[in-house]
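Residues per chain are reported as follows:
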Amino acid sequence: LVEALHATLADVSRLQWLIQRLNKTASFLKKARAVQHEVQDHISNMFALPEAYHALLLEVLHRRAFSESLDAEVTAAQRSLDTLRDGEARERRAFAHRFGGRLPPAP
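The structure displayed is predicted, hence computed values, not measured ones. (Residues numbered from 1 in each chain as written. Predicted model: local features only at pLDDT ≥ 70, side-chain atom pairs only at ≥ 80, totals over all residues. Heavy atoms only, no water.)

K.L.:
When you look at the packing of aromatic side chains in this model, what are you seeing that I'm missing?
P.N.:
For any pair of aromatic rings, the description rests on two quantities: the centre-to-centre distance and the angle between the ring planes. Per the counting criterion, the structure on display carries 1 aromatic pair. Between F95 and F99, the ring centres sit 5.3 Å apart and the planes meet at 45°, which makes this aromatic pair tilted. A residue pair is termed a helical-turn pair when its members lie 3 or 4 positions apart in one helix, as F95 and F99 do in helix α1 (residues 2-99) at 4 residues. Assessed through its relative accessible area of 47%, F95 is described here as partly exposed. (Phe/Tyr/Trp six-rings, centres within 6.5 Å; stacked < 30°, edge-to-face > 60°. Helix = DSSP H or I, 4+ residues; strand = E, 2+ residues; numbered from the N terminus. Buried < 20%, exposed > 50% of the residue type's maximum accessible area, 1.4 Å probe, protein only.)

K.L.:
What am I meant to see in the pattern of salt bridges here?
P.N.:
Oppositely charged side chains can form a pair if their charged atoms are brought close together. If you walk through the whole model with that rule in mind, you get 4 salt bridges. Note that D11 and R14 form a salt bridge whose closest N and O atoms lie 2.3 Å from each other. Highlighted residues: D11 and R14, both in helix α1, separated by 3 residues, approximately one helical turn. Look at D11 and you get partly exposed, because its relative accessible area is 38%. Its salt-bridge partner being D82, residue R85 comes within 3.1 Å of it at the nearest N-O pair. In this pair, R85 and D82 both sit in helix α1, 3 residues apart, roughly one turn of the helix. For D82, a relative accessible area of 24% puts it in the partly exposed group. (Salt bridge = Lys/Arg side-chain N within 4 Å of Asp/Glu carboxyl O.)

Here it is, written out as structure tokens:
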């Protein structure tokens, strides 16, 4: 009976050892799979890099063109405002020259 008990305990001990090894192997494989996915993602990004770089160059050109267009519009708007302001100043001077001597001073 004691020998059977020892044999059973030895079997249980071997099974526990095998279960531990299996758990360690499973943990290792899980980590390896995560690393593999990371590497695959990196490789996928590398294959997409030429297209992304080309798109970046197009975006840089687009932004430069927009900036130049915006600058041109701002310059044109400034000229237009300058013209309006100059015209208004001329009209005010003409008004002041024509009628200013007959009107009370502005507060």
